[in-house]
Amino acid sequence: MTPETPKPDQHRKRTLINLLLICVCTSSLLTLLLLPLTDSSARLNARQVFDSSRWHSLQLQLQTYRLMNYLSDLSAEDLPVNGNAYFQYDLVLSRVDLLRKGDLGRHIRNFANGRATRLLNIISGELELISLNIEHLENGRLDQVPIIMARLRLLDSQVTDFVVIVNQGANDYVTNKRAELDVQLEYIQWISVMLLCLSAGALLITFKLAQKLRRALRYNYNLERQVQAIRRGKVEVIGRMTNELKSSLTGIISHLSSLQQHSTEQAAKDVLEQSISQNSLIQTQLDGYHDLVLIEAFQLQPNVHEGNVRDQLEYTAHALEHIFSAHNIRALCHVDPRLPTLVDADYQRLHEMLTLLILNLAPFCTDAELLINLRPSKLPLLHQPAKHGDKATKMVQIGLRDAGAGLPEAIQTGLRANPFNPNNTVLSQIEQMGLGFTLCHYLIGALDGELHFTSSSGKGSEIWIDLPLGVGTFVAEPETTPAAQSIAILNSNTLLDQGLQALLEPRYTVQCLSEEELAILALNTTEAPFSWLLISDKATLSAAQLEYVTQLQRLSVKIIWCSTLAQQHPDVDADAVYHYPITLSQLTTLLGASD
Amino acid sequence: MKRLFWNTLTMLCATLSMHAMAVLEEPSGNVILAVSGNIEHFNSPQQAQFDFAMLKQLPAYEITTQTPWEEGVHHYVGFDPSDLLEQLEADGNVIRLTAFNQYITEVPLTDFEELGAIIAYQMDGADIPVRNKGPLMVIYDFDQYPELRNETYYGRSIWQIQSMHVLTLGE
């Protein structure tokens, strides 16, 4: 055995994982810190470039000189100036406005402790005063030019001061911003170094963890191999045990059969028959348990071969006869006529599956009817190959419908669970719903089938098992041809009515008869419209009913009823007696033999 | 004979020139924009001159945005120079705009076609005075395209435009 991983190693692993998580989280936080820093840098940089206060202050000075230039060039010939004086004046004022408003205005406001703004206000005020002189000039008074020129010359020093202050302020501003950027760059450098260290740490931890992961994978691989070896061993041991037990059981069955043949007493024969049946059942159960071990070890190989699907189903049903008898289950077995006779299937597993399912279902449908149906399924093929040999694979449904007590909640929960979910171990499934249901559930899954069910307390259950079988093609519904014989089924208001009808309809003309109709027919008719009367699911008949039956017999109607009624009314000579499970071959034999 | 030929040639050139000029009407008001360069139609020697009324005849476009040189959001109305150049059958991909203070900038025509920039002549429902950076200014929709808030587009946002020169720059 491989020794268990030592605890200190696990502790170290956990510490490394925690360290890695811390590294990743810290890196993420640091990266987040980088975002506002870089964003701020971009903003500062953009502002520094954009805030071209120097340019605009110089433009103010330039426009002032242009105004002066314009005025100095004016002569009497240029009059009237037609708004040109205002135009030049407005160009100067537009620069002043620009320097006072918007981002630029806010920016300049802080230069030289507000001196720039004060100067700009003075310049603006002086220029506003000139507007009156400009107006006179526009009105043709050339004498205003020297006045305006004098005022502008006085303003010149203030404009120059303003330009100098703005220039110095802009320089200081840029220097401050650069200092801020330097600090931020320093932060970024520190953060980058920390990120580098963290990345190195994370790399180291990842390397260490990768080493440990490699070791753990190797350890897991060895464990898997061990598990496989244990499973193989288990399969081997269980296989041997099964073979030995089966050979013993086969010996017992052959002895019992021999005894049964030589026995003269009916009671002894019946007991021996039951013993043979039980031993056969034990054999089937043993095969099932062996299969469960094979499924667990992923070694189950379906043994698919061609067979008569009707015969196989009836064989399984008959093998369970004593179970039906013990629980007083009125079982009926029906194969849909659309299914071809020869179908490719793993019949051994099908037999195991149905046997175990019915065996485990029987306690919950005591004294009730059970319909076993084999019919084409509406489910599509999903993962199965489209063909098996030369036959196309089709989904076929086995339906089990009973009118019993319903399945307990634990079994329902177990059946709803996916058998191949790693959390649903075989052991937990067995603890929940018993060995039989578990095996059946796993076997359906192993044969690529699906199980669905519905169950209602006191009303019974219906289980649908959809399996992919090599069917070829489904036969179309056979056309109804006039049957030689007509059969009336006395209504019992149970599931058997519809089961019997479905079973007999392809071969006989079937009509259902209520008790009132039976009475009317027996009392008023001289010729019955049917040749057989089938009485199902009755434990006993009343005197009146017996009278009607006798009356019908007088009208040449043959009576077929179940063995219970035959035992209850030995005085009535029925033409045929059927046993549960009802199958088509049994009914065909009985109806044919009595013709 | 030679004299007759030269007279005829001169008359022909004059007629053709008159025809080219006749396609574009004369401005009746103050000229606020002079277009020159690779254009086919003129209404003055080497130039196509426009007054307000002529510019307002062009399809009008609107932009509501905030600019760095104005407080708050303002509504601008103006024209797309592509429409103007189409009218002049101009051939070019760049316009060189000159302001009253002789500031010059070059704006690719794609800025007007793809970014929806305009040359605005109205701000908040009124003509833009010279004092307030009028009468013509290039406006980009900085609110719709925040990525334009950089020096390149701020530099192209020229105001107090007085002339436009159409030229083709190598592609």
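Predicted model only: the values in this text are computed from it and were never measured.

## Overview of the overall build of chain B
So, point 1. The helix and strand inventory of chain B stands at five helices and 10 strands.
So, point 2. Among the 171 residues that make up chain B, the fraction classed as buried is 29%.
So, point 3. For chain B, restricting intrachain contacts to residue pairs at least 6 apart in sequence, the fraction spanning at least 24 positions comes to 57%.

## Looking at the environment of Leu361(A)
So, point 1. Tracing the backbone shows Leu361(A) in helix H10 (residues 347–361).
So, point 2. With sequence-adjacent residues up to four places away left out, Leu361(A) is seen in contact with Leu400(A) and Asp402(A).

## A few points about the packing of helix H6 (residues 144–262) of chain A against helix H7 (residues 266–296) of chain A
Residues and elements named next belong to chain A.
So, point 1. Remark: H6 packs on H7, axes separated minimally by 9 Å, with the N-to-C direction vectors making an angle of 170°. Regarding the angle of H6 to H7, the classification is roughly antiparallel.
So, point 2. Counted by class, the contact of H6 with H7 contains 15 nonpolar, nine polar and six charged residues.

## Remarks on the nonpolar core
So, point 1. Core analysis: the largest hydrophobic core is formed by 87 residues, its most contacted members being Ala331(A), Ile487(A), Trp532(A), Leu533(A) and Leu534(A).
So, point 2. Here this core spans two domains, and each of domain 2 (263–470) and domain 3 (486–593) of chain A adds at least three residues to it.
So, point 3. Non-local contacts of Leu534(A), meaning those with residues more than four positions away in its chain, are made with Ile487(A), Ile489(A), Leu490(A), Leu500(A) and Ile560(A).
So, point 4. Ranked by size, the runner-up nonpolar core spans 36 residues in total, among them Tyr76(B), Ile119(B), Tyr121(B) and Ile161(B).

## Considerations on the sheet that holds strand E11 (residues 532–535) of chain A
Across a sheet, strands are paired by hydrogen bonds formed along the backbone, either parallel or antiparallel in direction.
All names here are of chain A.
So, point 1. With respect to topology, five strands assemble into an open sheet ordered E10-E9-E11-E12-E13, the strand pairing being parallel. Whereas interior strands pair on both sides, the edge strands pair on one side only; in this sheet they are strand E10 (509–513) and strand E13 (576–578). On average, each strand axis in the sheet is tilted by 25° relative to the strand beside it, whichever way the strands run.
So, point 2. In the sheet, strand E9 (residues 486–490) pairs with E11 via four bridges, with the strands oriented parallel. Its bridge partner lying in E11, Ile-489 is registered against Leu-534.

## With respect to the sheet that holds strand E2 (residues 48–50) of chain B
Residues and elements named next belong to chain B.
So, point 1. Pairing is mixed in the open sheet, where five strands are placed in the order E2-E1-E10-E5-E6. Single-partner strands in this sheet number two, and they are E2 and strand E6 (104–108). Each strand axis lies, on average, 20° off the axis of its neighbour in the sheet, ignoring direction.
So, point 2. Bridge count between strand E5 (residues 94–99) and strand E10 (residues 161–167): six bridges; the pairing is antiparallel. Its bridge partner being in E10, Ala-99 is matched across the sheet by Ile-161.

## Section: the packing of H10(A) against helix H12 (residues 426–446) of chain A
All names here are of chain A.
So, point 1. Contact geometry of H10 with H12 gives a least axis separation of 9 Å together with a crossing angle of 145°. As for how H10 packs across H12, the hand of that crossing is left-handed. On H12, the residues that touch Arg-349, Glu-352, Met-353, Leu-356, Leu-357, Leu-359 and Asn-360 of H10 are Gly-434, Gly-436, Phe-437, Leu-439, Cys-440, Leu-443 and Ile-444.

## Focus: the confidence of the model for chain B
Residue and element names in this part refer to chain B.
So, point 1. The share of residues in chain B with pLDDT of 70 or more is 85%, and the mean pLDDT across the chain is 86.
So, point 2. Segment residues 11–22 is flagged for pLDDT under 50; beyond a separation of four residues in sequence, or across chains, it makes five contacts in the model.
So, point 3. Overall fold confidence (pTM) sits at 0.55, and the ipTM for the predicted complex is 0.71.

## Here we look at unusual backbone geometry
So, point 1. Here the amide bond leading from Tyr580(A) into Pro581(A) is cis, since omega sits at 5°, within 30 degrees of zero.
So, point 2. Mapped onto the fold, Pro581(A) is located in the loop between E13 and helix H17 (584–593).
So, point 3. With an omega of 5°, the peptide bond running from Gly134(B) to Pro135(B) counts as cis.
So, point 4. A positive phi angle is found at Glu89(B), which is not glycine, with a value near 50°.
So, point 5. Structurally, the position occupied by Glu89(B) is in the loop between helix H3 (81–87) and E5.
So, point 6. Judged by C-beta crowding, with 12 C-beta atoms within 10 Å, Glu89(B) ranks as exposed.

What counts as what
Residues numbered from 1 in each chain as written. Chains lettered and ligands numbered in written order. Predicted model: local features only at pLDDT ≥ 70, side-chain atom pairs only at ≥ 80, totals over all residues. Helix = DSSP H or I, 4+ residues; strand = E, 2+ residues; numbered from the N terminus. Buried ≥ 20, exposed ≤ 12 C-beta atoms within 10 Å, placed from the backbone. Contact = placed C-beta atoms within 7 Å. Axes fitted to C-alpha atoms, helices over the stretch in contact; angles between N-to-C directions. Parallel < 35°, antiparallel > 145°, perpendicular 65-115°, else oblique. Nonpolar A, V, L, I, M, F, W, Y, C, P; charged D, E, K, R; others polar. Core = buried A, V, L, I, M, F, W, Y, C linked by C-beta atoms within 7 Å. Domains from an automatic or database assignment. Pairing = 2+ DSSP bridges. Left-handed = near helix turned anticlockwise from the far one by under 90°. pLDDT = per-residue confidence, 0-100.

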